[in-house]
Each structure stands twice: as C-alpha cells, then as structure tokens.
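Coordinates in review
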Amino acid sequence: SVTIHYSLGLAFSKAGKPERAIEEGKKVLSLNPNSKEACYLIAIAYQDVPDFDESISWLERYMSMETDDTRRKAAAEML
C-alpha cells in the first residue's frame, strides 16, 4: 500500500539508508503518481546519497505539485 511504502521510505531515510528510501518512494509513485510527499522524500534521499542533480529534479517535481505556498517556498530555498 502507499502508506506502508511511504512509511518504510521515511524509516529508511531516518536510518541513514537513502538508497532504500528512494526505492520505497518510487514504489509509492508507482501506486500513486500524484504523491507529492513521495517526490519530496526522494529529493531528500538523493541529497543524502549525494546526487544533487537528481535531488534538484525531484524538488522541482515536488514544487510543481505542491499547492501550499509556504511548503513550496521552503523547497525553493533548498534549491
């Protein structure tokens, strides 16, 4: 389920396993292509890999989906 894979992604991210977090985030997107939370999770995980080009790409995708101005601004500041 989306919730389980997203929760696993968060857990892997917090446990210092960004590659696994990315895998789980992509599983979420395979089930729900409109999950802005999964895009953000993947962006942060790519920062931890580090692969900044991928992180930027995923942050831009997240910002295009996010409707909350405050969250979108916070993501833009990360860029």
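Our subject in this report is the structure included herewith. The structure presented is a predicted model; accordingly, all values stated were derived computationally and were not measured. (Residues numbered from 1 in each chain as written. Predicted model: local features only at pLDDT ≥ 70, side-chain atom pairs only at ≥ 80, totals over all residues. Heavy atoms only, no water.)

**Brief notes about the pattern of salt bridges**
- Inspection of every chain in the model, using the stated rule, returns four salt bridges.
- Notably, a salt bridge pairs E23 with R20, separated by 3.6 Å at the nearest N-O pair. Here R20 and E23 lie together in helix α2 (residues 18–31), a separation of three residues that amounts to about one turn.
- With a relative accessible area of 37%, R20 lands in the partly exposed category.
- Note that K27 and E24 form a salt bridge whose closest N and O atoms lie 3.5 Å from each other. With K27 and E24 both in helix α2 and three residues apart, this pair spans about one turn of that helix.
- Residue K27 is classed as partly exposed on the basis of its relative accessible area, which comes to 37%. (Salt bridge = Lys/Arg side-chain N within 4 Å of Asp/Glu carboxyl O. Helix = DSSP H or I, 4+ residues; strand = E, 2+ residues; numbered from the N terminus. Buried < 20%, exposed > 50% of the residue type's maximum accessible area, 1.4 Å probe, protein only.)

**Let's talk about the environment of M78**
- Relative to the helices and strands, M78 resides in helix α5 (residues 69–78).
- Along the primary structure M78 and L41 are separated by 37 residues, whereas in three dimensions their C-alpha atoms are 13 Å apart.
- Contacts of M78, omitting those with residues within four sequence positions, involve Y40, I44, Q47 and L59. (Contact = heavy atoms within 4.5 Å.)

**Focus: the nonpolar core**
- By size, the foremost hydrophobic cluster in this structure holds 16 residues, and its most contacted members are L29, I42 and W58.
- Ranked by the residues each element gives to this core, the list is headed by helix α3 (residues 36–48), at six residues.
- Contact partners of L29, with chain neighbours within four places excluded, come to S35, A38, C39, I42, W58 and R61. (Core = buried A, V, L, I, M, F, W, Y, C linked by side-chain atoms within 4.5 Å.)

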